[in-house]
Structures are given as C-alpha cells and as structure tokens.
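Given next are the chains, with one letter for each unit.
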Amino acid sequence: MDHIVTLDSRQEATLQAIADKFIAQHKGDAVKALKEMIVLNGHLQERLDAMEGRRRATLNAQR
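Residues numbered from 1 in each chain as written. Predicted model: local features only at pLDDT ≥ 70, side-chain atom pairs only at ≥ 80, totals over all residues. Heavy atoms only, no water.

Here we look at the side chain of His-26
So, point 1. Mapping His-26 onto the fold places it in the loop between helix H1 (9–25) and helix H2 (30–62).
So, point 2. Among the residues examined, His-26 registers a relative accessible area of 11% and is labelled buried.
So, point 3. Engagement of the side chain of His-26 in a polar contact is seen with the backbone oxygen of Phe-22, the distance being 2.8 Å.
So, point 4. Ignoring sequence-local partners within four residues, the contact set of His-26 consists of Lys-32, Ala-33 and Glu-36. (Helix = DSSP H or I, 4+ residues; strand = E, 2+ residues; numbered from the N terminus. Buried < 20%, exposed > 50% of the residue type's maximum accessible area, 1.4 Å probe, protein only. Polar contact = N/O pair within 3.5 Å; in protein donor to acceptor, adjacent residues only side chain to side chain. Contact = heavy atoms within 4.5 Å.)

What follows is the structure, encoded as structure tokens:
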C-alpha cells in the first residue's frame, strides 16, 4: 500500500456502518462484497489516472 489512512472514532464508525450496509447488499457475503469493491476501486483509479494524464498534458501544452 502506498498510503495509510488514519481515522478518528467517528470516521471509523461511519466507515463501519457503510461497510455493513455494503455487505448486507451482498446478502452477507463479505468476500463477494470485497471483490466488488476491489473492482469498483480499480475503475475509479483508472478514471483518476486518466484525469491526471489530461491535466499533465494541458500543463505541458501551456509551457
């Protein structure tokens, strides 16, 4: 992992509630929920990387 996130107790409780809801949507199957979250995270990371690439291209074109 590149980045470690530290949460306070309120953030941890909020994250736990969201995780519980996400697992419930997968009929209690935590592994299935985790796999879907990994796929969703991958798609989001691809979009962020593409946005960063466009931003860098724009900055380089302005120079």
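Observations regarding a nonpolar patch on the surface
So, point 1. A cluster of nonpolar side chains, Val-5, Leu-7 and Leu-15, forms an exposed patch at the surface whose accessible area comes to about 250 Å².
So, point 2. In this fold, Leu-15 is placed in helix H1.
So, point 3. Given a relative accessible area of 44%, Leu-15 falls into the partly exposed group. (Patch = residues over 30% accessible without salt bridge, like charges linked within 9 Å, V, L, I, M, F, W, Y side chains within 5 Å. Areas by Shrake-Rupley, 256 points an atom, 1.4 Å probe, with all protein chains shown as cover. Salt bridge = Lys/Arg side-chain N within 4 Å of Asp/Glu carboxyl O.)

Some remarks on the pattern of salt bridges
So, point 1. Taken as a whole and assessed by the stated rule, the structure comprises 2 salt bridges.
So, point 2. Notably, a salt bridge pairs Arg-55 with Glu-52, separated by 3.0 Å at the nearest N-O pair. A residue pair is termed a helical-turn pair when its members lie 3 or 4 positions apart in one helix, as Arg-55 and Glu-52 do in helix H2 at 3 residues.
So, point 3. Residue classification places Arg-55 among the partly exposed residues on the basis of a relative accessible area of 45%.

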